There are 4 protein chains.
Amino acid sequence: MDIGLIGLGKMGSNLAKNLLDHHHNVVANDVNPDAVDEVKAAGGVPAYSVTEVVNQLESPRAIWLMVPAGDVTKQVVTELRDQLEAGDVIIDGGNSNYKESLARAEELKEKGIHFIDAGTSGGVEGARNGACIMIGGDREVVAPLEDMFFDITIENGYLHAGEVGSGHFLKMVHNGIEYGMMQAIAEGFEILNKSDFNYDYEEVARMWNSGSVIRSWLMELVQSAFAKDDNLDQIRGVMNSSGEGKWTVETALDFETPAPVIALSLMMRFRSQEDDTFTGKVVAALRNEFGGHDVVEKS
Amino acid sequence: MDIGLIGLGKMGSNLAKNLLDHHHNVVANDVNPDAVDEVKAAGGVPAYSVTEVVNQLESPRAIWLMVPAGDVTKQVVTELRDQLEAGDVIIDGGNSNYKESLARAEELKEKGIHFIDAGTSGGVEGARNGACIMIGGDREVVAPLEDMFFDITIENGYLHAGEVGSGHFLKMVHNGIEYGMMQAIAEGFEILNKSDFNYDYEEVARMWNSGSVIRSWLMELVQSAFAKDDNLDQIRGVMNSSGEGKWTVETALDFETPAPVIALSLMMRFRSQEDDTFTGKVVAALRNEFGGHDVVEKS
Amino acid sequence: MDIGLIGLGKMGSNLAKNLLDHHHNVVANDVNPDAVDEVKAAGGVPAYSVTEVVNQLESPRAIWLMVPAGDVTKQVVTELRDQLEAGDVIIDGGNSNYKESLARAEELKEKGIHFIDAGTSGGVEGARNGACIMIGGDREVVAPLEDMFFDITIENGYLHAGEVGSGHFLKMVHNGIEYGMMQAIAEGFEILNKSDFNYDYEEVARMWNSGSVIRSWLMELVQSAFAKDDNLDQIRGVMNSSGEGKWTVETALDFETPAPVIALSLMMRFRSQEDDTFTGKVVAALRNEFGGHDVVEKS
Amino acid sequence: MDIGLIGLGKMGSNLAKNLLDHHHNVVANDVNPDAVDEVKAAGGVPAYSVTEVVNQLESPRAIWLMVPAGDVTKQVVTELRDQLEAGDVIIDGGNSNYKESLARAEELKEKGIHFIDAGTSGGVEGARNGACIMIGGDREVVAPLEDMFFDITIENGYLHAGEVGSGHFLKMVHNGIEYGMMQAIAEGFEILNKSDFNYDYEEVARMWNSGSVIRSWLMELVQSAFAKDDNLDQIRGVMNSSGEGKWTVETALDFETPAPVIALSLMMRFRSQEDDTFTGKVVAALRNEFGGHDVVEKS
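Not measured: the values here are computed from a predicted model. (Residues numbered from 1 in each chain as written. Chains lettered and ligands numbered in written order. Predicted model: local features only at pLDDT ≥ 70, side-chain atom pairs only at ≥ 80, totals over all residues. Heavy atoms only, no water.)

Novice: Quick question: what am I supposed to make of the overall build of chain A here?
Specialist: Counting its regular elements, chain A contains 14 helices and eight strands. Overall size of chain A, expressed as C-alpha extent along the three principal axes, is 75 × 45 × 35 Å. Looking at chain A as a whole, 64% of its 299 residues are labelled buried. Taking the contacts inside chain A whose residues are at least 6 apart along the sequence as the reference set, 61% of them involve residues at least 24 apart. (Helix = DSSP H or I, 4+ residues; strand = E, 2+ residues; numbered from the N terminus. Buried < 20%, exposed > 50% of the residue type's maximum accessible area, 1.4 Å probe, protein only. Contact = heavy atoms within 4.5 Å.)

Written out as structure tokens, the structure is:
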């Protein structure tokens, strides 16, 4: 089928190639014309502006966004909103907050434009060769696109999860779980690291990936990481985060649901981004006040 | 090779069959003679007492224990200690605390008896068809047994992790990670459950197992569990625990290492075992004291 | 001075009496006319509608709201907005979210109406005899009201904390700290409760209030609660929460600051409100899947 | 009464003066003879060895230890054990683990020597002018000493909590609560610190100490600390810990009781003692593996 694709970064460009492999006609756009040319070279139709995407597709159009969540998504959707016609479909493949997606769908509905939220997992490799995609949207809007979704996902990797919003919600929770799993794994390796035993972490990860209860793709990545740097001496333990982990915790708060492991996973990331903390200073000062305990003076 | 096997429960009986499949000569014992007879029927040599195990093996003997950690392991090791000879090997395949294994090795060394700690993962299925085994022990003690270890494990599922204690330590940490991963996954599904969306959890798990970052054996088990009971209506959320999660947290405390996710995973299990808490009563009473907030009276 | 007071619940009615004690002229209103009559009997000027409050005060008016945060506050402010004149002041003494207060101040500014946010602590007793009040607002707006604020607060219990919003922000954080302190205290008593020792909790609290590091008003309330019910047998440990704890955690997330203790205090409250959890069911089902561990069937 | 006092550090020397103020006859010893001389100058009886303490007291002796918990306490008790007679009493005023105190009492009982565990709070100032002391011991052993205990404690600051061990247990839990309260307070100030408002922390603490729900001795110490260094710029946020917080968490684990706030308070202290973490490296490496996210290279 014909599909517009806006956003040709790491994820988008690979998705374009994946679509092209499956004989879809991809009208591809990016703010960076070189990225457009690259997809053109791979067989895609170049579009050097959002308008060119719209103009090179016939209604009902399907346009997939693979741009950063937040302001950029907002801006592109606004631009499309002014140019699309009733019956066209916007698929947001980014990590947008599901509340924004719900609002966006409402807003587009006023013009008769359909909205689908597509949470995408599996990384760059998945985008290229078979992604994992969780879709939210009306049955009748999603149905004509399903063959295309099946084409670009791996077996069982496509799910029409429910109504609009349910796809991004599911991706959000997926990432929340991911935070918890990663922190659990990492805490385990820290305990190994602090022990008197002398483990070969790559070998440990390989063994754990072979028949143990904790075998997982993340553990395979641990194995791969230790294969490259056997004690991770080259990097600092600064754990950045994008928005989904935070949204998951906020959602848990909204639902008045305890999610201690996901919350702590996120908070330990925040902690890792600081060298020193005011919390620590207050506690240290307090200990000094009541017990005369030494404080560590600022050097 | 000839191997003694004491403890023919779910894990032990399957391990026996696994060993027999690989043409090892298994002298099998259990407190339950029926379990012994079952292994006999499968081709094993029956032993109706620990002494019969010892007597039917020639020195240097290798005797694998698959009995519950703690008192039972202690008792069996004590009994063996009095009957074995220098050069014999005891392999503890249970979930013993690594500190006990270290002490046990020292104690046995006085009589020249060797000790190997074998952390075993992969569940009943693994024991039967290919386990994941992490071994601690002296190189020269482990070496003659390695062919046997390779036989009963799946590819890459055998690791000689290091000195005595390192196998049980690794298994302990494995279980700590497992606690964290399980709690992370479960928190995620609780958030899905509290949402207004109407997910099919089995389908969600299947999709997440297909190309997503959180694909894992545990997620496969989630899929299987939801396949049987699509809303888990049949069971209560009481999360029991055996010792390894607790030991992992204690070890983190000993190492002065934060392990918040593993610790909280364990504590939420404890919480699930209580209907009401004194903590909650104190907070509720306090809120009533200062703010006149209503308390929930005991019905 | 003349002051309007809207909202005569537990806090408001006591604040009215406190103001009257200090010879302020209180024009008092509540949706419940009986509450108005009660303040009238105590010497206040009755107002049976918001309009009557406005009409019985001369410009520049000062009107204190002691109504529930959220919708009610919004509604009363909207009503006042239409009736007040430039130079009048609205003091929000409720537990409003500081972000709403910031927005409210902006909105009122368009009409020249001033806004002061007043976080109030100390409970009903404090409202009556000397509260603790943290004020956010412009210096020149706050200044003419300071004598009144000093009158109704205890020594050092009044603070002009900073600009608009800073009062409610401070109250929010105060409550976040309170959550953490309460949970810490409660966890301690639970550990006492689980021990083999046979403590008299009232005596313990009295002793801890007498010279120990953890002496505090909250511990005094613990003492008082145990004096009434020595084992808290009469109540259930259901810990409710109003919004401030949640807002504190959300603010920490916004600031990318770890606040694990405040977050967990809140989450344990959420947990206490549930009899059973989906999280627990998922973990229990998983344990059953991989280890054949028994699950607790629903009775 | 006559009392031996071993250990004249910050706490012990002030306790000696407190006892002398109340006309008790203090036979004082320390490894540092200067400390002994100081007490001598204040009116105490000098003892330059444990033996001199024993010899200068008549049976039944009461000897108070104010030495570091752990090895030093063990060593002094062992020395005393060999020299004391049946009916003598050892009072351990240090922060010993209650399990050790229980074992110690058993051991001393074999020689007829009594043991009392005395948890002491209130810091140096309390030791000097009125401490808070929680006592574990047999009724008949404690009774003859109670006048002395009342003398050196502030009103209501003395509690005979129960049997041997109950005093140190109570002190342990006291410190656990203290950890939680301190972390809660500190997290609150960190959130203030991260906000756009410009708080004067000393003033905030003073106000919160005046009528608010969170008024407490710890908040008074916060006030004092900020009075000295208004932004705590002079110190680093390294939060050390002695053993009681850890023991409280271990005890919670032993009782299978959730104590998330106390546990996290401790773990954040551990975290503060590290510049970088292996946990963080593993998570950072994983993010790089699956998402191509940048890692922070070691400089």
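Novice: I would appreciate a short explanation of the interface of chain D and chain C in the present structure.
Specialist: In many reports, interface size means the accessible area that the parts give up when they come together. Between chain D and chain C, the residue contacts involve 66 residues of the former and 66 residues of the latter. A buried area of about 5600 Å², summed over both sides, lies between chain D and chain C, and 78% of it is on carbon and sulfur atoms. Contact with chain C buries surface across chain D, with Ile 191, Phe 197 and Val 213 of chain D losing the most and accounting together for 12% of the total. Linking chain D with chain C are zero salt bridges. Where the side of chain D that touches chain C is concerned, the elements lending two or more residues are strand S7 (131–136), strand S8 (153–162), helix H9 (166–194), helix H10 (201–208), helix H11 (217–228), helix H12 (243–254) and helix H13 (260–272) of chain D. Residue contributions to the side of chain D that touches chain C peak at 18 residues, all from H9 of chain D. (Buried area = accessible area lost by both parts, 1.4 Å probe. Salt bridge = Lys/Arg side-chain N within 4 Å of Asp/Glu carboxyl O.)

Novice: So what exactly am I meant to see when it comes to the packing of helix H13 (residues 260–272) of chain B against helix H13 (residues 260–272) of chain C here?
Specialist: Taken N-terminus to C-terminus, the directions of H13 of chain B and H13 of chain C make an angle of 30°; their axes are 12 Å apart at the nearest point. Considered as vectors, H13 of chain B and H13 of chain C are oriented roughly parallel to each other. Considering the relative orientation of H13 of chain B and H13 of chain C, their crossing is right-handed. Across the interface between the two elements, Leu 264, Met 268, Arg 271 and Ser 272 of chain B from H13 of chain B touch Leu 264, Met 268, Arg 271 and Ser 272 of chain C from H13 of chain C. Among the residues forming the contact of H13 of chain B with H13 of chain C, the class breakdown is four nonpolar, two polar and two charged. (Axes fitted to C-alpha atoms, helices over the stretch in contact; angles between N-to-C directions. Parallel < 35°, antiparallel > 145°, perpendicular 65-115°, else oblique. Left-handed = near helix turned anticlockwise from the far one by under 90°. Nonpolar A, V, L, I, M, F, W, Y, C, P; charged D, E, K, R; others polar.)

Novice: Just checking my understanding: could you explain the interface of chain D and chain B for this structure?
Specialist: The partner chain B presents 20 residues to the 20 residues of chain D that form the contact. When the two sides are added together, the surface that chain D and chain B hide from each other amounts to roughly 1800 Å², 75% of it contributed by carbon and sulfur. A salt bridge links Asp 254 of chain D to Lys 246 of chain B, with the nearest nitrogen and oxygen atoms 3.0 Å apart. Here chain D and chain B share two residue pairs in polar contact (both at pLDDT 80 or more) between them. Elements supplying a minimum of two residues to the side of chain D that touches chain B: H12 and H13 of chain D. Here the element with the most residues in the side of chain D that touches chain B is H13 of chain D; it accounts for seven residues. (Polar contact = N/O pair within 3.5 Å; in protein donor to acceptor, adjacent residues only side chain to side chain.)

Novice: Explain the side chain of Glu 187 of chain D here, please?
Specialist: Tracing the chain through its elements places Glu 187 of chain D in helix H9. Arg 271 of chain A provides the closest opposite charge to the buried, salt-bridge-free Glu 187 of chain D, at an N-O distance of 9.9 Å. Once you skip the residues sitting within four places of it in the chain, Glu 187 of chain D turns out to touch Thr 279 of chain A together with Pro 258, Ala 259, Pro 260, Val 261 and Ile 262 of chain C. (Lys, Arg positive; Asp, Glu negative; His and termini not counted.)

Novice: Any chance you could explain the relation of the copies chain D and chain B here in plain terms?
Specialist: Copy one and copy two of the chain differ by a rotation about an axis and a translation along that axis. Of the transformation superimposing chain D on chain B, the axial component is 0.0 Å and the angular component is 180°, with the fit at an RMSD of 0.1 Å. On this basis, the relationship between the two copies can be described by a two-fold rotation axis. Within chain D, the C-alpha atom positioned nearest to the axis of rotation is that of Glu 250 of chain D, 3.4 Å from it. In this assembly the copies share their binding face: 100% of the residues contributing to the interface of chain D also contribute to that of chain B. (Least-squares fit on C-alpha atoms with pLDDT ≥ 70 in both.)

Novice: Even after reading the chapter, I still don't get unusual backbone geometry, so can you show me in this structure?
Specialist: Trans is the common state for peptide bonds, and a negative phi is the common state for residues other than glycine. Here Ser 59 of chain B and Pro 60 of chain B are connected by a cis peptide whose omega angle stands at -5°. By the secondary structure assignment, Pro 60 of chain B is in the loop between helix H3 (50–55) and strand S4 (62–65). Unusually for a residue other than glycine, Asn 156 of chain C sits at a positive phi of about 65°. The topology assignment puts Asn 156 of chain C in strand S8 (residues 153–162). The backbone of Glu 256 of chain D sits at a positive phi, close to 55°, despite the residue not being glycine. Here Glu 256 of chain D lies in the loop between H12 and H13.

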